[in-house]
Amino acid sequence: QVQLVESGGGLVQAGGSLRLPCAASERISIISEMGWYRQPPGKQRQFLASMSSSGTTNDADSAKGRFTISRDNAENTVYLQMNSLKPEDTAVYYCNLKVLGVNFWGQGTQVTVSS
(Lines give C-alpha, C1' and ligand atoms only; values in the text may rest on other atoms or scores of the structure.)
Protein backbone atom coordinates (compact mmCIF):
# COMPACT_ATOMS: atom_id res chain seq x y z
CA GLN A 1 0.00 0.00 0.00
CA VAL A 2 1.26 3.43 -0.90
CA GLN A 3 2.36 5.58 2.02
CA LEU A 4 2.42 9.36 1.91
CA VAL A 5 4.74 11.38 4.13
CA GLU A 6 4.25 15.10 4.59
CA SER A 7 6.85 17.44 6.03
CA GLY A 8 7.66 21.13 6.16
CA GLY A 9 5.09 22.22 8.71
CA GLY A 10 5.86 24.37 11.72
CA LEU A 11 5.37 27.73 13.34
CA VAL A 12 5.53 30.80 11.12
CA GLN A 13 4.61 34.44 11.58
CA ALA A 14 1.77 36.01 9.66
CA GLY A 15 2.95 37.08 6.23
CA GLY A 16 5.52 34.33 6.06
CA SER A 17 5.84 31.37 3.72
CA LEU A 18 6.12 27.62 3.98
CA ARG A 19 6.64 24.87 1.45
CA LEU A 20 5.12 21.50 2.24
CA PRO A 21 6.44 18.45 0.40
CA CYS A 22 4.62 15.13 0.32
CA ALA A 23 6.53 12.09 -0.83
CA ALA A 24 4.93 8.84 -1.90
CA SER A 25 6.62 5.60 -0.87
CA GLU A 26 6.54 4.15 -4.34
CA ARG A 27 6.17 5.09 -7.95
CA ILE A 28 2.77 6.55 -8.63
CA SER A 29 0.69 5.48 -11.57
CA ILE A 30 0.72 7.98 -14.37
CA ILE A 31 -3.05 8.09 -14.00
CA SER A 32 -3.41 9.69 -10.60
CA GLU A 33 -4.21 12.87 -8.77
CA MET A 34 -2.26 14.26 -5.83
CA GLY A 35 -3.51 17.06 -3.68
CA TRP A 36 -3.65 18.89 -0.38
CA TYR A 37 -6.35 19.31 2.23
CA ARG A 38 -6.33 20.96 5.62
CA GLN A 39 -8.25 20.66 8.85
CA PRO A 40 -8.39 23.75 11.06
CA PRO A 41 -9.00 23.25 14.79
CA GLY A 42 -12.59 22.22 15.43
CA LYS A 43 -13.49 22.18 11.75
CA GLN A 44 -13.89 19.63 8.99
CA ARG A 45 -11.20 18.76 6.50
CA GLN A 46 -11.14 21.18 3.57
CA PHE A 47 -9.92 20.71 0.02
CA LEU A 48 -7.16 23.11 -1.04
CA ALA A 49 -5.65 22.05 -4.34
CA SER A 50 -4.91 19.09 -6.54
CA MET A 51 -2.88 18.27 -9.61
CA SER A 52 -3.28 15.41 -12.02
CA SER A 53 -0.34 13.52 -13.45
CA SER A 54 -0.88 15.44 -16.68
CA GLY A 55 -0.52 18.76 -14.88
CA THR A 56 -4.14 19.85 -14.65
CA THR A 57 -4.73 21.75 -11.42
CA ASN A 58 -7.79 22.42 -9.36
CA ASP A 59 -7.69 25.04 -6.62
CA ALA A 60 -10.16 25.95 -3.90
CA ASP A 61 -11.09 29.61 -3.62
CA SER A 62 -9.28 29.75 -0.28
CA ALA A 63 -6.03 28.73 -1.99
CA LYS A 64 -6.13 30.93 -5.06
CA GLY A 65 -3.56 33.71 -5.12
CA ARG A 66 -1.53 32.52 -2.12
CA PHE A 67 -1.07 28.76 -2.44
CA THR A 68 0.51 26.93 -5.37
CA ILE A 69 0.58 23.21 -5.94
CA SER A 70 3.29 21.53 -7.96
CA ARG A 71 4.25 17.97 -8.65
CA ASP A 72 7.41 16.06 -9.49
CA ASN A 73 6.35 12.77 -11.02
CA ALA A 74 9.91 11.51 -11.22
CA GLU A 75 10.30 11.99 -7.45
CA ASN A 76 6.73 10.91 -6.62
CA THR A 77 6.34 14.14 -4.71
CA VAL A 78 3.75 16.89 -4.57
CA TYR A 79 4.43 20.29 -3.06
CA LEU A 80 2.28 23.05 -1.61
CA GLN A 81 3.89 26.49 -1.61
CA MET A 82 2.08 28.77 0.82
CA ASN A 83 2.73 32.50 0.81
CA SER A 84 1.33 35.44 2.76
CA LEU A 85 0.20 33.13 5.50
CA LYS A 86 -2.55 34.25 7.89
CA PRO A 87 -3.48 33.05 11.37
CA GLU A 88 -6.61 31.47 9.88
CA ASP A 89 -4.35 29.18 7.83
CA THR A 90 -3.49 27.39 11.06
CA ALA A 91 -4.42 23.75 10.51
CA VAL A 92 -3.19 20.24 10.02
CA TYR A 93 -2.31 19.86 6.36
CA TYR A 94 -2.87 16.49 4.70
CA CYS A 95 -1.57 15.07 1.46
CA ASN A 96 -3.95 13.02 -0.67
CA LEU A 97 -3.45 10.60 -3.52
CA LYS A 98 -6.24 9.31 -5.73
CA VAL A 99 -5.48 6.29 -7.89
CA LEU A 100 -8.22 4.40 -9.74
CA GLY A 101 -10.82 5.68 -7.30
CA VAL A 102 -8.87 4.76 -4.18
CA ASN A 103 -7.84 7.47 -1.71
CA PHE A 104 -4.61 7.46 0.26
CA TRP A 105 -3.81 9.95 3.02
CA GLY A 106 -0.69 11.12 4.77
CA GLN A 107 -0.48 11.50 8.55
CA GLY A 108 -0.65 15.28 8.32
CA THR A 109 1.70 18.09 9.23
CA GLN A 110 0.84 20.92 11.60
CA VAL A 111 1.07 24.49 10.37
CA THR A 112 0.66 27.24 12.95
CA VAL A 113 0.59 30.88 11.91
CA SER A 114 1.09 33.42 14.67
CA SER A 115 -0.25 36.95 14.49
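Quick summary incoming for the structure in this document. (Residues numbered from 1 in each chain as written. Predicted model: local features only at pLDDT ≥ 70, side-chain atom pairs only at ≥ 80, totals over all residues. Heavy atoms only, no water.)

1. Concerning the packing of aromatic side chains
What characterises a pair of aromatic rings is the spacing of the ring centres plus the angle enclosed by the ring planes.
1) Next: With the rule as written, the count across this model stands at two aromatic pairs.
2) Next: Aromatic pair Tyr37 and Phe47: ring centres 5.4 Å apart, planes at 70°, arrangement edge-to-face. A residue pair is termed long-range when its members are at least 10 positions apart, and Tyr37 in strand 4 (residues 33-39) and Phe47 in strand 5 (residues 46-52) qualify at 10 residues.
3) Next: Tyr37 sits in the buried class, given a relative accessible area of 15%.
4) Next: Exposure remark for Phe47: the relative accessible area of 25% places this residue in the partly exposed category. (Phe/Tyr/Trp six-rings, centres within 6.5 Å; stacked < 30°, edge-to-face > 60°. Helix = DSSP H or I, 4+ residues; strand = E, 2+ residues; numbered from the N terminus. Buried < 20%, exposed > 50% of the residue type's maximum accessible area, 1.4 Å probe, protein only.)

2. Some details on the pairing of strand 11 (residues 109-114)
Side-chain positions along a regular strand alternate between the two faces of the sheet.
1) Next: Of the two faces of strand 11, only one is covered, namely that formed by Thr109, Val111 and Val113; the face formed by Gln110, Thr112 and Ser114 stays uncovered.
2) Next: Pairing geometry for strand 2 (residues 10-13) and strand 11, over four bridges, is parallel. Bridge assignment links Val12 to a residue of strand 11, and that residue is Val113.
3) Next: The sheet contact formed by strand 9 (residues 91-99) and strand 11 spans three bridges and is antiparallel. Residue pairing for strand 11: Val92 is matched across the bridge by Gln110. (Pairing = 2+ DSSP bridges.)

3. Description of the nonpolar core
1) Next: Counting residues in hydrophobic clusters, the biggest one holds 28 residues, and the most contacted among them are Leu4, Trp36, Met82 and Tyr93.
2) Next: It is strand 9 that contributes the most residues to this core, five residues altogether.
3) Next: Ignoring sequence-local partners within four residues, the contact set of Met82 consists of Gly16, Ser17, Leu18, Leu20, Arg66, Phe67, Tyr93 and Val111. (Core = buried A, V, L, I, M, F, W, Y, C linked by side-chain atoms within 4.5 Å. Contact = heavy atoms within 4.5 Å.)

4. A short note on the sheet that holds strand 8 (residues 77-82)
Within a sheet, each strand pairs with its neighbour through backbone hydrogen bonds, oriented either parallel or antiparallel.
1) Next: If you walk across this open sheet you meet the four strands as 1-3-8-7, and the pairing is antiparallel. Edge strands, defined here as strands with exactly one partner in the open sheet, are strand 1 (4-6) and strand 7 (67-72). Each adjacent strand pair in this sheet contributes to an overall mean axis angle of 15°, direction not counted.
2) Next: Strand direction decides the pairing type here: strand 7 and strand 8, joined by six bridges, are antiparallel. Each residue of the ladder has a partner; that of Ser70, found in strand 8, is Tyr79. (Axes fitted to C-alpha atoms, helices over the stretch in contact; angles between N-to-C directions.)

5. Some points on the environment of Arg45
1) Next: Examined against the element boundaries, Arg45 turns out to sit in the loop between strand 4 and strand 5.
2) Next: Judged by relative accessible area, which is 35%, Arg45 ranks as partly exposed.
3) Next: With sequence-adjacent residues up to four places away left out, Arg45 is seen in contact with Tyr37, Arg38, Gln39, Tyr94 and Trp105.

6. Examining the state of the cysteines
Think of a disulfide as a covalent bridge from one cysteine sulfur atom to another cysteine sulfur atom.
1) Next: For the structure shown, the criterion picks out one disulfide.
2) Next: Covalently, Cys22 is tied to Cys95 through a disulfide, its sulfur atoms 2.1 Å apart. Residues Cys22 and Cys95 are joined through a disulfide that is left-handed, its torsion about the S-S bond being -85°. Here the residue Cys22 occupies a position in strand 3 (residues 18-24), and Cys95 occupies one in strand 9, the gap between them amounting to 73 residues. Here the two residues Cys22 and Cys95 agree in accessibility, since each one is buried. (Disulfide = S-S within 2.5 Å.)

Taken by themselves, the reported measurements are silent on function.
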